[in-house]
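Remarks on the overall topology
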Amino acid sequence: MSGLLSGLSGEHRDRLLALAHDASFPSGARLFEEGGRADRFWIVRTGSVTLDMRVPGRRPVVIETLGPGELVGWSWLFPPGGWHLGAEALSPVRAHEFDAAAVRQLCTDDTALGYELVLACAQAMGRRLQSARNRALDLHNPYNSGGPH
């Protein structure tokens, strides 16, 4: 097992998954838009999802591609929750879908689970921020010149 769920103990993983609903998205479906209300999140079971950001005067720029086991959406952690990026199914996707309010309540009721979940989400956030930084550098340095020599 990889991704977010692997960062949880077996008991905590089971408690979280008890809140999950099955979700599926066809290729090209938008899961959410940047700036929209972040009231849920997903863990990919099969398929892949791209995360993108708006760039003025351009099509949305893909920041990262997520696959099985990976968390799609962390903005729900911080009420009222607004998406920082957009997301689209790159291929047909099956995922566990979670209601953010229910998961936040579970974390309040079981602080050990909450700690594990927030730590796992923080690790995903760190990877996303690094990917966004790298992508932004690529946009400003499209020929990867490496700067002056």
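Our subject is the structure listed above.
Quick summary incoming for the structure in this document. (Residues numbered from 1 in each chain as written. Predicted model: local features only at pLDDT ≥ 70, side-chain atom pairs only at ≥ 80, totals over all residues. Heavy atoms only, no water.)

1. Brief notes about the sheet that holds strand S3 (residues 40-46)
Worth spelling out the cut-off: Two strands qualify as a pair provided that DSSP identifies no fewer than 2 bridges between them. Helix numbers and strand numbers start at the N terminus; a helix is a DSSP run of H or I with at least 4 residues, a strand a run of E with at least 2.
Taken in spatial order, the 4 strands make up an open sheet running S1-S8-S3-S6, and their pairing is antiparallel. A strand with exactly one partner marks an edge of an open sheet, and here the two such strands are strand S1 (21-25) and strand S6 (71-72). Bridge analysis of S1 against strand S8 (residues 93-99) gives 5 bridges, and the strand direction is antiparallel. Bridge pairing links phenylalanine 25 to valine 93 in S8.

2. Details of the pairing of S8
What counts here: For each residue, the accessible area found with a 1.4 Å probe, counting protein chains only, is set against the maximum for its type, and the residue is called buried under 20%, exposed over 50%, and partly exposed in between.
Taking burial as the measure, the 7 residues of S8 include 5 buried ones, the bulk of the element. Two strands pair when backbone bridges link them, and S3 and S8 are joined in this way by 6 bridges, in the antiparallel orientation. Along S8, the bridge assignment pairs isoleucine 43 with histidine 96.

3. Digging into empty space enclosed by the protein
Applied cut-off: Using protein atoms alone on a 1 Å grid, points that fit a 1.4 Å probe yet trap it form a cavity, whereas open point sets bounded by protein on both sides within 12 Å along at least five of seven lines form a pocket; residues with an atom within 4 Å of a point count as lining. Grid points are joined across faces, edges and corners, and a volume is the space filled by probe spheres set on the points. Polarity classes work like this: nonpolar for Ala, Val, Leu, Ile, Met, Phe, Trp, Tyr, Cys and Pro, charged for Asp, Glu, Lys and Arg, and polar for all others, with Gly in that last group.
For the coordinates displayed, the defined rule picks out 2 cavities of 30 Å³ or more. For the largest cavity, the calculated volume is near 70 Å³. Around the largest cavity, the lining residues are Phe32, Leu51, Gly73, Trp74, Ser75, Trp83, His84, Leu85 and Arg128. Residue composition of the lining of the largest cavity, by class: 5 nonpolar, 3 polar and 1 charged. Looking at the second largest cavity, the residues that line it are Gly3, Glu64, Glu70, Leu71, Ala124, Arg127 and Arg128. For the lining of the second largest cavity, the per-class residue count stands at 2 nonpolar, 1 polar and 4 charged.

Limitation: the analysis is restricted to geometry and does not speak to function.
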